[in-house]
Every structure is written in C-alpha cells, then in structure tokens.
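Commentary on secondary and tertiary structure
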Amino acid sequence: MKTVPQLTLAEAAALVKDGDTLLQGGFGMTGNPVHLMHALAETGTRNLTFIGNNVGEPGIGGGRLLRNGQIRKMVGSFFTSNPDAVKAAQSGAVEYQLLPQGSLAEAIRAGGAGIGGFYTPTAAGTLIAEGQETKVLDGVEQVFVKGIRGNVAFIRAWKADTAGNLTYRLTEQNFNRAMATAADVVVAEVEEIVPVGELDPNFIHTPGCFVDYLVLAHLTENDLGTSASVGAAKRVDEPRMNMARRALAELNPGDVVNLGIGIPTLVADLITPEHGIILHTENGMLGVGPAPADGGGALHYPVNAGKIPVTALPGSSYFDSADSFGMIRGRHVDAAIMGGLEVDEAANLANWAVPGKPLLGVGGAMDLASGAKKLIITLTHTNPDGSSKIVPACTLPLTAHGVVDLVITDLAVFNFEAGQLTLIEVMPGATLEEVRAKTSAQFKEKLRESVSVDY
C-alpha cells in the first residue's frame, strides 16, 4: 500500500502556481479547506481561476484570496453570500462565471471521470444559457455543460489514513468528493491521520488513488464563519405563517421535499414526525431536523442549504452535492417549495435576479425548478410599490419555463388547470375583490372549498 506524503500548510500552498485553476471544496465554510486557503493567502501567487460553490466569506477561506487580489476569475454558483465577491464583480476587478449549483457539481464530476461534458435541462431558456450550445433531446431543450478540471484541488476531509483514503462527516462531503477526482494535484486537509487499515473500507468516501498529499489541520469555530452557531431568527408574521401552513397541506406522508430560503423555511417549523415528510437539502442530506436546541454550530452539526446548522432525524443520510443534484434532476424529489419574485400566466418562474443587481446567486434554484416533481411557489402577492407579482409575462430573468404547479400568496392560491392560471382559493383575511384588484395577470376563477388547514 502506498504512503501519501504529508506536507506543511506552507509546502502545500507552494504547489499552486501563478495562473493556475484552483478547485476549492466546501459549501460556505462547511467542509472548507480554510487552513490551506489561508496559507495560500500568505504567498504571492496571483491570477488564479477560483472554482467553488462560493468564495468563502469576507476575509475567510477564498474570501481572503479575493481581498488580496489573488483571484483573476471566479467560477461558481452562489457568490452573493460574500459581499466582497459582489463588489469585485460589480467593479470589474474580477471576472466571473455563474453556473447552477447542480450543473457545477456535475461538471466537476464529469471532469474527474474523463467525460467532456453533458446535456441538462437546467437553465434552458435563461440568461445562464445564453451563448451555450443547446439540443432538444426527447422533446426537452437541454444545455451543454463542459466538464471542469483544475490544476490543483484543495479539499477538506475529516479523517485520512496514511494511504490517502478519506472519510467525511456530516454535510462536509458537498463539493469535496467530486473535486478530489478532478485536478492534477489534490491536497486533502484533514482533522486526523490514522495508520493504514484503521479506516473501515466500507466507509471510505474518497479512495487514496485520488489524493496526492495530506495536510493535518484542526478545525475550530473561528474557521466556520456564520455557520459557527445558529443564526438570527427568521422573519415571522401571520400572513407568512399562513402561506407556510397552506404549503404544508400540499405535502403527503413519505414525500421527499426541498425547501428554499425565505417563506419556505417556515414550513420546516411546522413539520412534525407525524407528517412523515423527509426534508432534502441540496448540499447533501436527507432527513433534516430542527435547529440544534443548544445553539450549536457546524463544528458539531450538519448544515442546510442556507448554511444554517440543523439536526439529523433518525434515518437521515449524507452524500455529496453531485449525488444530491442527481436526486433532483432524476426526479427523486417529490416537491420543492420555493420563493419567487414573479410568476406568470404561462407557469414561468423568476426568482433569482433583479435588474441592476449583479447576477451572482443562482444556487440550486434552476435545478430544483426543473427537476422536482411538484413545484410550489410562495411569495407576497405584491411588491412594496403595490405592483403585482402575478403577472401576464415575467419581466425579470427567468429561473425556468412552464414549471410552476401551485402559487401561494398572502392573498390567494392559484394553480394551472389545463395550462391556465386559475384562482382556487382566497387566503384568510383577503377578499376576492382584493385579489382581482391586485393581480395583473389574467386568470380564471374556480373557487373551491379550501384545503383543510389549521390557520
């Protein structure tokens, strides 16, 4: 059995050269090789192409490279979580390319498997797909995504043996597993290195043949940024809770459900074991439970897609981001409940970009919108200026075409019967006249007895 060399942080950082493409594992700061990134920030290495879900947080992880001016281009899915990345993109100081999160994960997996690329329906007909090759397969427009490889990958695992076999814990697999396969040189930062033979072969996530070097580095709460503890309270009011309650009524026992940020997160607070619902989070977990009662953070708990610490229910499982989005695109997620900025008469959804702001945060929205079996959108009925969010045709950049099944606002519930926007319920405290007055889209009315909801 081979022995993988163990390096110091400085020796590992020296492997990255000017102009290299660097893959960095992690989802936020969870599973992030923060010590390797900080060691690289101590070097003069520049003109890097950075590939990762997001560029760390301000001054932490890849965020430190960004502040140093070491990154020439960033390729990823959700840069909005780092204000420095937003400023760098707005000013033109750093080039950027935005990919849907599932497409990013799959592109890295393809690159690591020697596959040139793949077609996916995710992002078809959106700004993300402009200029990309498309093809209609089985009647569905699909976008070609090129496989991704790097010169160097910095990844984070929990344990390694001296042969380079790796195991991850909790939701720390995220992008690390795929990135371990997709670079010329792979350096794994690990919490513990054990003698060969001590890791059970049944539970090795990354075989040692992918790993070139090991670095021992211990994680502390200071390395976890905003995930170090449970974050601030959610915005809760009665109209939002009513929307959450109505959305919950659409779910069935045994459903696998993905919840977006904003109003959808309130649904999680209403789910009890009796509902029998299995929550999925795209960064790699099935069986998401409530926030830790002790206020603990990602040092001891998994995190959800909002990078918020959560608990794991009995029967939970962990996996990497590529497998997670395979579940989504493969239609193994029964329902997704997402927020929205606009929904139109053709069941189109816009929920990721606003004109005049940088397009830096698509995340998993496009994958979920096109891949979930049922898409439920929750949103306030009007904008602050009183204009309708239920519109004849979306004016904001689209997330996906013709995908919405149900719309729940603070005023009304709509579905699409025979492809036509249809008002089916009026929410508590609202009137039919108010819904008519505040909806710019044309809709038919087929009011029915409300679904049983304990408002």
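As shown above, the structure is provided for reference.
Residues numbered from 1 in each chain as written. Predicted model: local features only at pLDDT ≥ 70, side-chain atom pairs only at ≥ 80, totals over all residues. Heavy atoms only, no water.

1. Points about the environment of Ala247
Of note, Ala247 is situated in helix 7 (residues 238-248). For Ala247, a relative accessible area of 0% corresponds to the buried category. Contact partners of Ala247, with chain neighbours within four places excluded, come to Val267, Ile337, Ile376, Thr378 and Ile408. (Helix = DSSP H or I, 4+ residues; strand = E, 2+ residues; numbered from the N terminus. Buried < 20%, exposed > 50% of the residue type's maximum accessible area, 1.4 Å probe, protein only. Contact = heavy atoms within 4.5 Å.)

2. Observations regarding the nonpolar core
Generally speaking, a soluble globular protein has its nonpolar side chains buried in company with each other. Formed by 35 residues in total, the largest nonpolar core has its most connected members in Leu22, Leu40, Leu65, Ile71, Met74 and Phe154. Looking at this core, the elements that each hand over two or more residues are helix 1 (9-13), helix 2 (34-41), strand 2 (48-51), helix 3 (62-68), strand 3 (71-76), helix 4 (83-91) and strand 8 (150-161). Per-element accounting of this core gives the leading share, five residues, to helix 2. Here Leu65 is in contact with Leu22, Met37, Leu40, Ala41, Leu48, Gln70 and Ile71, once residues within four sequence places are set aside. (Core = buried A, V, L, I, M, F, W, Y, C linked by side-chain atoms within 4.5 Å.)

3. Looking at the packing of helix 5 (residues 101-112) against helix 9 (residues 321-329)
Relative orientation of the contacting elements helix 5 and helix 9 amounts to 125°, with a least axis distance of 9 Å. Of the possible angle classes, the one that applies to helix 5 and helix 9 is oblique. Between helix 5 and helix 9 lies a crossing of left-handed hand. Along the contact surface, helix 5 presents Gln101, Gly102, Ser103, Ala105, Glu106 and Arg109, while helix 9 presents Ser321, Ala322, Asp323, Phe325 and Arg329. A per-class count over the contact of helix 5 with helix 9 returns three nonpolar, four polar and four charged. (Axes fitted to C-alpha atoms, helices over the stretch in contact; angles between N-to-C directions. Parallel < 35°, antiparallel > 145°, perpendicular 65-115°, else oblique. Left-handed = near helix turned anticlockwise from the far one by under 90°. Nonpolar A, V, L, I, M, F, W, Y, C, P; charged D, E, K, R; others polar.)

4. What about the layout of surface pockets?
Its boundaries defined by the atoms lining it, the second largest pocket holds a volume of some 460 Å³. Looking at the second largest pocket, it is lined by 23 residues, and the ones nearest its centre are Gln97, Leu98, Leu99, Ile128 and Gln132. For the lining of the second largest pocket, the elements supplying multiple residues, two or more each, are strand 4 (95-98) and strand 7 (140-146). A total of four residues in the lining of the second largest pocket trace back to one element, the largest contributor, which is strand 7. Here the lining of the second largest pocket is composed, by residue class, of 15 nonpolar, six polar and two charged. (1 Å grid on protein atoms, 1.4 Å probe; cavity = no way out; pocket = protein on both sides within 12 Å on 5 of 7 lines; lining within 4 Å. Points joined across faces, edges and corners; volume = space filled by probe spheres on them.)

5. Examining helix 9
Those residues of helix 9 that sit buried are Ser321, Ala322, Ser324, Phe325 and Ile328. Projected onto a plane normal to the axis of helix 9, the buried residues spread over an arc of 160° and lie on a single side. The inward-facing, buried residues of helix 9 contact helix 5, strand 13 (278-281) and helix 10 (365-371). (Arc of directions from axis to C-beta.)

6. Notes on the sheet that holds strand 18 (residues 349-350)
As a general point, the strands of a sheet are linked pairwise by backbone hydrogen bonds and lie either parallel or antiparallel. One open sheet accounts for three strands, arranged 18-17-20; its pairing is mixed. Looking along the sheet, the strands with just one partner apiece sit at the ends: strand 18 and strand 20 (390-391). The sheet contact formed by strand 17 (residues 342-344) and strand 18 spans two bridges and is antiparallel. Paired with Val343 across the strands is Leu349, a residue of strand 18. (Pairing = 2+ DSSP bridges.)

7. Quick notes on helix 5
Taking 1.5 Å per residue, twelve residues should reach 16 Å; helix 5 reaches 17 Å between its end C-alpha atoms and fits that length. Of all twelve residues in helix 5, ten are buried; the element is thus mostly enclosed. When we look at burial in helix 5, the residues that qualify are Gln101, Gly102, Ser103, Leu104, Ala105, Glu106, Ala107, Ile108, Ala110 and Gly111. At the exit of helix 5 stands Gly114, carrying a positive phi of roughly 75°. (Expected span 1.5 Å × (residues − 1).)

8. Quick notes on the side chain of Asn82
Among the secondary structure elements, Asn82 is positioned in the loop between strand 3 and helix 4. With sequence-adjacent residues up to four places away left out, Asn82 is seen in contact with Val55, Gly56, Glu57, Pro58, Gly63 and Leu66.

9. Comments concerning the pairing of strand 2
The side chains of a regular strand alternate between the sheet's two faces. Of the two faces of strand 2, the one lined by Leu48 and Phe50 and the one lined by Thr49 and Ile51 are each fully buried. Where strand 1 (residues 21-24) and strand 2 come together, three bridges link them in parallel fashion. Residue pairing in the sheet places Thr21 in a bridge with Thr49 of strand 2. Each parallel crossover has a hand, and the one from strand 1 via helix 2 to strand 2 is right-handed. For strand 2 and strand 3, the ladder comprises four bridges, and the chain directions are parallel. Opposite Leu48, over in strand 3, you have Ile71 as the bridge partner. With helix 3 bridging strand 2 and its parallel neighbour strand 3, the resulting β-α-β unit is right-handed. (Right-handed = clockwise from strand over helix to strand, strands pointing away.)

10. Some remarks on the pairing of strand 14 (residues 285-288)
Relative to strand 14, strand 13 is paired through two bridges, and the arrangement is antiparallel. Within strand 14, the position partnered with Thr281 by the bridge is Met285. In this antiparallel pair of consecutive strands, strand 13 and strand 14, the connection spans three residues, and Gly284 shows a positive phi of 120°. Inspection of the sheet shows strand 14 paired to strand 15 (residues 312-318) by three bridges, in the antiparallel sense. Looking at strand 15, one finds that Val288 is bridged to Ala312.

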